[in-house]
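Chain and residue survey
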Amino acid sequence: MTFTPRLSRRRLLQITGAGAGVALLGACGDDDGGSASGEIDWWHISNTDPMLSVWAQLAKDYEGAHSGVKIKITPLENEAFKAKLTTVTQAGKPPSLFHSWGGGVLNQQVQAGLVKEISGDVGWLSQINSNATKLYQVNGKQYGVPFDVGMVGFWYNKELFAKANIAAPPATWAEFLEVVRKLKAAKVTPIALAGAEKWPGHFYWSYLAIRQAGVAGMADAAKDGSFDRPDFVTAGAKLKELVDLQPFQTGFQGAKYSATDGQAAIMGNGQAAMELMGQWAPSTQASYSSTKQGIGDKLGFFPFPSLEGGKGAITEVFGGGNGFAIGKDAPPETLDFVKFLLTADSQRKATGAGGVLPVTQGAEDAIKDPNLKKVQETVAKATAFQLYLDQAYPPAVGAQVNDSVAELIAGTAKPEQVAAAIAKTAKTK
């Protein structure tokens, strides 16, 4: 993007927004990044099961097969991860291996010389989903690898839909608003939202912008920062239509995503009919539900509805995945460990546990959940793909999207003000 800034290492990364990623609770630890020779210092954001245990076992398996290699794992909650990563990257001491969503944040890490280019050492990426791989490229060079790819969509409670006499998921925005009205009439909370964390709210405006402008229109606006075009004002106006229906749970402004009373838990306990979330939703709902099982086969999935009169097709997907970047001082064993994590066998273990949607060819047969199969098939058939805005764009722009959309949802900003604020930030970067 033409407005991506070139920053010094000291000024790098006000990492904000959450994009994709499982927001989980965990301690930050006291280390300051970096690693000793032969020790891989690995930071990831999967600090609840299933992936907490899967990653731990895979690391143990690798250590067992490679004497002299020690893997030190630091699991961190999403926001805590970004805050701690900011601290160590500003000090020029990134971990050996750390979570990445690619996009604008990775771009700035590259500019600051904090991550290794691995283009010449990853011939095995030919077995990895090419769309997912491209998310971790900067100027055509590879600086990270994906381990998971999927999309944001609506996860819904079939039982609560039935209670409100809703026969099928909505296909258009007008139908979606009618579904919200029917749920409210049936005294069912339509939507769970973590208002205290701005990234879940940005999904709504972002998808509406994609449906109105199209992925091509998003790319055009990103070139010169012109997010004040009419299409983006319309996206805000459509979101305001939803907000005016008061669809979210009581107290949503103070709710977290991952907490015993947060967005994921509300869905997992059957207390709301819908949430707009990525492919990690089922496992996170289960983790934070009172039974640790979620709502089981009552859970369904449908793509974000089409927008009447919009330029974007319903087959255009908004999402991304999860991956890893390799720190500048990582020991040479780190890349080999990453290769091990992305073998079809390792990916099957992660997929079979319900933790990821695989990116390695041959591992798709491990997807057992019918909802996740639907997500995987929808991504595979997508006619265009837009990365989460708070990851696709430079951090300051992503933060502005999150902040402005949160203000619209709170009723303190108008659609025109949201578009103008995002454009102003984008045009100065």
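Every chain is numbered independently, its residues counted from 1 as its sequence is written. Two thresholds apply to this predicted model, a pLDDT of at least 70 for residue-level local features and 80 or more for giving and counting side-chain atom pairs, whereas whole-chain, interface and lining totals are computed over all residues. Side-chain measures were taken over the full set of non-hydrogen atoms in the model, leaving aside hydrogen atoms and water.

1. Points about the sheet that holds strand 7 (residues 153–157)
- Sheet architecture is open: 3 strands sit in the order 8-7-9, paired in antiparallel fashion. Of all the strands in the sheet, the pair left with one neighbour each is strand 8 (274–277) and strand 9 (299–302). With direction set aside, neighbouring strand axes in the sheet form an average angle of 25°.
- Against the sheet, helix 7 (residues 198–224) contacts strand 7 and strand 8, and its axis sits at roughly 90° relative to strand 8. When DSSP finds at least two bridges between two strands, those strands are taken to pair. Strands here mean DSSP runs of E at least two residues long; helices mean DSSP runs of H or I at least four residues long; both are numbered from the N terminus. Between the N-to-C directions of two axes lies an angle of 0 to 180 degrees, each axis being a line fitted to C-alpha atoms and, for a helix, fitted only over the stretch in contact. Contact criterion: two residues are considered in contact whenever any of their non-hydrogen atoms come within 4.5 Å of each other.

2. As for the confidence of the model for the protein
- As a per-residue measure, pLDDT reflects the predictor's confidence and takes values from 0 up to 100. The predicted model of the protein averages 90 in pLDDT, with 91% of residues at 70 or higher.
- In the predicted structure, residues 1–31 sits below a pLDDT of 50 and forms 133 contacts with residues beyond four places in sequence or in another chain.

3. Concerning the packing of helix 8 (residues 230–243) against helix 16 (residues 415–427)
- At their nearest, the axes of helix 8 and helix 16 sit 8 Å apart, and the two run at 135° to each other. By the angle class used here, helix 8 and helix 16 are oblique. Here helix 8 runs over helix 16; the crossing is right-handed. Packed against helix 8, whose contacting residues are Phe232, Val233, Gly236, Ala237 and Lys240, the element helix 16 presents Pro415, Glu416 and Ala419 at the interface.
- A class-by-class count of the residues in the contact of helix 8 with helix 16 yields 5 nonpolar, 1 polar and 2 charged. By definition in this entry, angles of less than 35 degrees are roughly parallel, angles greater than 145 are roughly antiparallel, angles of 65 to 115 are roughly perpendicular, and the rest are oblique. By definition, turning the near helix anticlockwise from the far helix through less than a right angle yields a left-handed crossing, and turning it clockwise yields a right-handed one. All amino acids are sorted into three groups, where Ala, Val, Leu, Ile, Met, Phe, Trp, Tyr, Cys and Pro are nonpolar, Asp, Glu, Lys and Arg are charged, and the leftover types, Gly among them, are polar.

4. Thoughts on the packing of aromatic side chains
- By convention, a stacked pair of Phe, Tyr or Trp rings (six-membered ring in the case of Trp) has centres within 6.5 Å and planes under 30 degrees apart, an edge-to-face pair has planes over 60 apart, and any other such pair is tilted. Summed over all chains, the structure comprises 32 aromatic pairs.
- Taking the centre distance of 5.7 Å and the plane angle of 75° together, the rings of tryptophan 42 and phenylalanine 324 count as edge-to-face. Here tryptophan 42, found in strand 1 (residues 39–44), pairs with phenylalanine 324, found in strand 10 (residues 316–326); they are 282 residues apart in sequence, far enough to count as distant.
- For every residue, the accessible area obtained with a 1.4 Å probe (protein chains only) is divided by the maximum for its type, and the residue is called buried under 20%, exposed over 50%, and partly exposed between those limits. Classification of tryptophan 42 by relative accessible area gives buried; the value is 0%.
- A centroid spacing of 5.8 Å and a plane angle of 80° characterise the contact between phenylalanine 203 and phenylalanine 318, whose relative ring orientation is edge-to-face. With a gap of 115 residues between them, phenylalanine 203 in helix 7 and phenylalanine 318 in strand 10 connect regions that are remote in the sequence.
- You can call phenylalanine 203 buried: its relative accessible area is 0%.
- When its relative accessible area of 0% is taken as the criterion, phenylalanine 318 is described as buried.

5. Some remarks on the nonpolar core
- For this analysis, a nonpolar core means a set of buried residues of the types Ala, Val, Leu, Ile, Met, Phe, Trp, Tyr and Cys, connected via side-chain atoms within 4.5 Å. Of all hydrophobic cores here, the largest spans 100 residues; its most connected members are Phe176, Trp205, Leu239 and Met274.
- The biggest single contributor to this core is helix 7, with 13 residues.
- Within the second largest apolar cluster, 31 residues are counted, among which are Ala59, Trp124, Val145 and Ala350.

6. A short note on the side chain of histidine 99
- Counting through the fold element by element, histidine 99 comes out in strand 3 (residues 97–100).
- For histidine 99, the side chain forms a polar contact with the side chain of tryptophan 101, separated by 3.5 Å.
- Any N or O atom pair separated by 3.5 Å or less is treated as a polar contact, with the protein-specific requirement of one donor-capable and one acceptor-capable atom, and with residues adjacent in sequence counted only for side-chain atom pairs. For histidine 99, the side chain forms a polar contact with the side chain of asparagine 322, separated by 3.0 Å.
- In this structure histidine 99 touches Trp43, His44, Ile45, Phe81, Phe147, Asn322, Gly323 and Phe324, once residues within four positions along its chain are discounted.

7. Digging into helix 10 (residues 281–288)
- When you tally the buried positions in helix 10, you get 8 out of 8 residues, the bulk of the element.
- Turning to helix 10, its buried residues number three or more, namely Ala281, Pro282, Ser283, Thr284, Gln285, Ala286, Ser287 and Tyr288.
- In this structure, the buried residues of helix 10 make contact with strand 7, helix 9 (263–268), strand 8, strand 9 and helix 13 (370–380).

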